[in-house]
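# Coordinate inspection notes
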Amino acid sequence: MFVLALLADTIRIPPHLLAKPTALSVQSEIERRYPNKIIIDVGLVICPYGPPIEIGDGILVPGDGVAHHQVLFQVLTFKPFVDEILVGIVTESKEEGVMVSVGGFFTHVFIPAYWMLNPSTFDEASGLWVWTPNYDDEEEEEVEEG
């Protein structure tokens, strides 16, 4: 569920941070730029993990007024795997689906009705989704095979 990812990017250091040590400036820009960012095939970035691993020399671009550094760094990401089971609390249930809070960390996870386990139905009286598997069918199949 939580994965450390190694990223390489060009980090732009604005003029007001050029007086600080480069490592601190780069770290503060990574902390500002990456949390809550979704990166395809990597996941949702939670936070940077440790100091930058490698910082390249600063490159100045005419007319820009900032330094650009090639940086190698690690981030902690949230990337659930296919078929991974997550425990959550149902915060809202309606006919279109359910809203779930996962560990108090992700509070607005929506699970649409078509992703509910079969056979699930929405009970309007209670306002809840109900899963009622029919175990009799499985027993009959086992008897017929045996």
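Residues numbered from 1 in each chain as written. Predicted model: local features only at pLDDT ≥ 70, side-chain atom pairs only at ≥ 80, totals over all residues. Heavy atoms only, no water.

### Considerations on the sheet that holds strand β7 (residues 89–94)
The sheet built from three strands is open, its strands ordered β7-β8-β9 with antiparallel pairing. Every interior strand has two partners, whereas the edge strands, β7 and β9 (106–112), have only one. Ignoring strand direction, the axes of neighbouring strands in this sheet form an average angle of 25°. Bridge count between β7 and strand β8 (residues 97–102): five bridges; the pairing is antiparallel. Directly across from Val-90, in β8, lies its bridge partner Val-100. (Pairing = 2+ DSSP bridges. Helix = DSSP H or I, 4+ residues; strand = E, 2+ residues; numbered from the N terminus. Axes fitted to C-alpha atoms, helices over the stretch in contact; angles between N-to-C directions.)

### Description of the side chain of Asp-9
Within the secondary structure, Asp-9 is located in strand β1 (residues 2–13). Owing to a relative accessible area of 18%, Asp-9 belongs among the buried residues under this scheme. When sequence neighbours within four positions are dropped, the list of residues in contact with Asp-9 reads Arg-33, Tyr-34, His-69, Gln-70, Val-71 and Phe-73. (Buried < 20%, exposed > 50% of the residue type's maximum accessible area, 1.4 Å probe, protein only. Contact = heavy atoms within 4.5 Å.)

### With respect to the side chain of His-68
Mapped onto the secondary structure, His-68 falls in strand β6 (residues 67–78). With a relative accessible area of 16%, His-68 lands in the buried category. One polar contact links His-68 to Asp-64, side chain to side chain, over a distance of 2.8 Å. Sequence-distant contacts of His-68, defined by excluding residues within four places in its chain, comprise Thr-10, Ile-11, Arg-12, Asp-57, Gly-58, Ile-59 and Val-61. (Polar contact = N/O pair within 3.5 Å; in protein donor to acceptor, adjacent residues only side chain to side chain.)

### Things to note about the nonpolar core
One finds Leu-7, Ile-30, Tyr-34 and Phe-73 to be the most contacted residues of the largest nonpolar core, which totals 15 residues. Elements that contribute at least two residues to this core include exactly β1, α1 (22–33) and β6. In this structure Phe-73 touches Ala-5, Leu-6, Leu-7, Asp-9, Ile-30, Tyr-34, Pro-52 and Ile-53, once residues within four positions along its chain are discounted. Within the second largest apolar cluster, seven residues are counted, among which are Leu-44, Phe-78, Phe-106 and Met-116. (Core = buried A, V, L, I, M, F, W, Y, C linked by side-chain atoms within 4.5 Å.)

### Some points on the packing of aromatic side chains
For the structure shown, the criterion picks out four aromatic pairs. Relative to Trp-115, the ring of Tyr-114 has its centre 5.8 Å away and its plane inclined at 80°; by these criteria the two rings are edge-to-face. Accessibility assignment for this pair places Tyr-114 and Trp-115 in one class, exposed. (Phe/Tyr/Trp six-rings, centres within 6.5 Å; stacked < 30°, edge-to-face > 60°.)

### Here we look at the layout of surface pockets
Considered as a void within the structure, the largest pocket measures approximately 790 Å³ in volume. Considering the residues around the largest pocket, the lining is formed by 25 residues, among which Leu-86, Val-98, Val-100, Val-109 and Ile-111 are closest to the centre. Residue composition of the lining of the largest pocket, grouped by class: 20 nonpolar, three polar and two charged. (1 Å grid on protein atoms, 1.4 Å probe; cavity = no way out; pocket = protein on both sides within 12 Å on 5 of 7 lines; lining within 4 Å. Points joined across faces, edges and corners; volume = space filled by probe spheres on them. Nonpolar A, V, L, I, M, F, W, Y, C, P; charged D, E, K, R; others polar.)

### Things to note about the pattern of salt bridges
When their charged atoms lie close together, side chains carrying opposite charge are able to pair. Following the criterion strictly, the structure yields four salt bridges and no others. We note a salt bridge from Lys-94 to Glu-92, for which the minimum N-O separation is 3.6 Å. Of the residues examined, Lys-94 reaches a relative accessible area of 33% and is grouped as partly exposed. (Salt bridge = Lys/Arg side-chain N within 4 Å of Asp/Glu carboxyl O.)

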